[in-house]
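Examining the three-dimensional arrangement
In case you want the letters, here they are:
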Amino acid sequence: MGAVVGSLTMQTKSRRVSRDKVDDDFELTIVCHRPEGLDQLESQTNFTKRELQVLYRGFKNECPSGVVNEDTFKQIYSQFFPHGDASTYAHYLFNAFDTGHSGSIKFEDFVRALSILLRGSVSEKLHWTFNLYDINKDGYINKEEMTDIVRAIYDMMGKYTYPALKTDAPKQHVDAFFQKMDKNRDGVVTLDEFILSCQEDENIMRSLQLFENVM
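Not measured: the values here are computed from a predicted model.

About the thresholds
- Residues numbered from 1 in each chain as written.
- Predicted model: local features only at pLDDT ≥ 70, side-chain atom pairs only at ≥ 80, totals over all residues.
- Heavy atoms only, no water.
- Salt bridge = Lys/Arg side-chain N within 4 Å of Asp/Glu carboxyl O.
- Helix = DSSP H or I, 4+ residues; strand = E, 2+ residues; numbered from the N terminus.
- Buried < 20%, exposed > 50% of the residue type's maximum accessible area, 1.4 Å probe, protein only.
- Axes fitted to C-alpha atoms, helices over the stretch in contact; angles between N-to-C directions.
- Parallel < 35°, antiparallel > 145°, perpendicular 65-115°, else oblique.
- Left-handed = near helix turned anticlockwise from the far one by under 90°.
- Contact = heavy atoms within 4.5 Å.
- Nonpolar A, V, L, I, M, F, W, Y, C, P; charged D, E, K, R; others polar.
- Expected span 1.5 Å × (residues − 1).
- Arc of directions from axis to C-beta.
- Polar contact = N/O pair within 3.5 Å; in protein donor to acceptor, adjacent residues only side chain to side chain.

What to know about the pattern of salt bridges
- In this structure the tally under the stated criterion is 9 salt bridges.
- Across the pair K74 and E70 runs a salt bridge whose closest N-O atoms are separated by 3.4 Å. Taken together, the residues span about one helical turn, with K74 and E70 both in helix α4 (residues 70-78) at a distance of 4 residues.
- Residues R206 and E202 are paired through a salt bridge, measuring 3.9 Å at the closest nitrogen-oxygen approach. Taken together, the residues span about one helical turn, with R206 and E202 both in helix α11 (residues 202-208) at a distance of 4 residues.
- Residue classification places R206 among the partly exposed positions, given a relative accessible area of 47%.
- Here E202 falls in the exposed class, since its relative accessible area comes to 60%.
- Overlapping salt bridges, with partners in common, bring together K143, K171 and D175 in one network.

A look at the environment of L114
- Note on placement: L114 falls in helix α6 (residues 107-119).
- Considered as a pair, L114 and F97 are 17 residues apart in the sequence and their alpha carbons are 9.2 Å apart.

Structural notes on the packing of α4 against helix α5 (residues 87-97)
- For the pair α4 and α5, the least separation of the axes is 9 Å and the interaxial angle reads 125°. By the angle between their axes, α4 is oblique relative to α5. As α4 packs across α5, the resulting crossing turns out to be right-handed. Contacts between α4 and α5 pair E70, F73, K74 and Y77 from the former with S87, Y89, A90, H91, L93, F94 and F97 from the latter.
- Taken together, the residues of the contact of α4 with α5 break down into 7 nonpolar, 2 polar and 2 charged.

Observations concerning the environment of T48
- One can find T48 in the loop between α2 (38-44) and α3 (49-62).
- Classification of T48 as partly exposed rests on a relative accessible area of 39%.
- Along the chain, T48 and L38 lie 10 residues apart, while their C-alpha atoms are 9.1 Å from each other.

Considerations on helix α9 (residues 169-181)
- With 13 residues, α9 should cover 18 Å at 1.5 Å per step; its first-to-last C-alpha distance of 18 Å lies within 8% of that length.
- Every buried residue of α9 is accounted for by A169, P170, V174, F178 and M181. Looking straight down α9, one finds its buried side chains confined to an arc of 160°; they lie on one side. Counted as exposed and oriented over 90 degrees from the buried face of α9: K171 and Q179.

Considerations on the side chain of S197
- Among the structural elements, S197 can be located in helix α10 (residues 191-199).
- The buried category is assigned to S197, whose relative accessible area is 1%.
- Among the polar contacts made by the side chain of S197, one reaches the main-chain carbonyl oxygen of E193 at a distance of 2.9 Å.
- Setting aside residues no more than four positions away along its own chain, S197 makes contact with K180, M181 and K183.

Written out as structure tokens, the structure is:
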């Protein structure tokens with residue numbers, strides 16, 4: 001999700017208080033979340049313990065409470081798409097990261113998803129993407145759900161895309177995808193249909209490999 005960024009400030013009544021004391025007081029004023037042990041996360045992800053330490057240091061520096069709520073997540077994500085409206089897509093993405101449906105993303109949620117997206121198998125990446133599109137979590141993707149996601153992506157890319165997008169572009173995109181993915185023409189796409197269709201598409205398969213060497 002890019003750098004986890006947040007602006008948290010505090011005021012103190014006494015200017016003579018030491019910086020360490022300020023930090024201690026600050027830690028006491030926020031609800032802190034202590035993540036699972038590195039050994040456990042190392043066994044659950046494709047990151048080494050050293051990589052997890054680096055990731056956690058960055059996460060903790062920017063999010064001292066140890067969690068990211070949806071509003072903060074949207075603010076972070078919108079910075080990467082200044083010419084569009086990323087709020088709706090960020091909402092769907094947040095829900096995909098928030099596997100426990102707690103209303104916040106913990107370091108464990110973040111790093112497990114990152115592990116899949118960066119170093120997971122093709123099957124794991126496609127399963128995660130299917131879960132993103134399956135908005136109501138009923139095990140299927142219907143046209144309405146896919147249209148909502150695709151429209152959110154188009155809104156996020158903004159009006160400065162080239163070539164310029166037509167108003168009905170999201171619908172055409174979804175119709176084309178459903179024509180390919182809905183193998184038995186029952187109006188919904190199952191996980192198996194989704195994975196099979198994606199594996200048959202060279203462009204999709206190439207896109208899944210883009211971030212494999214990021215870390």
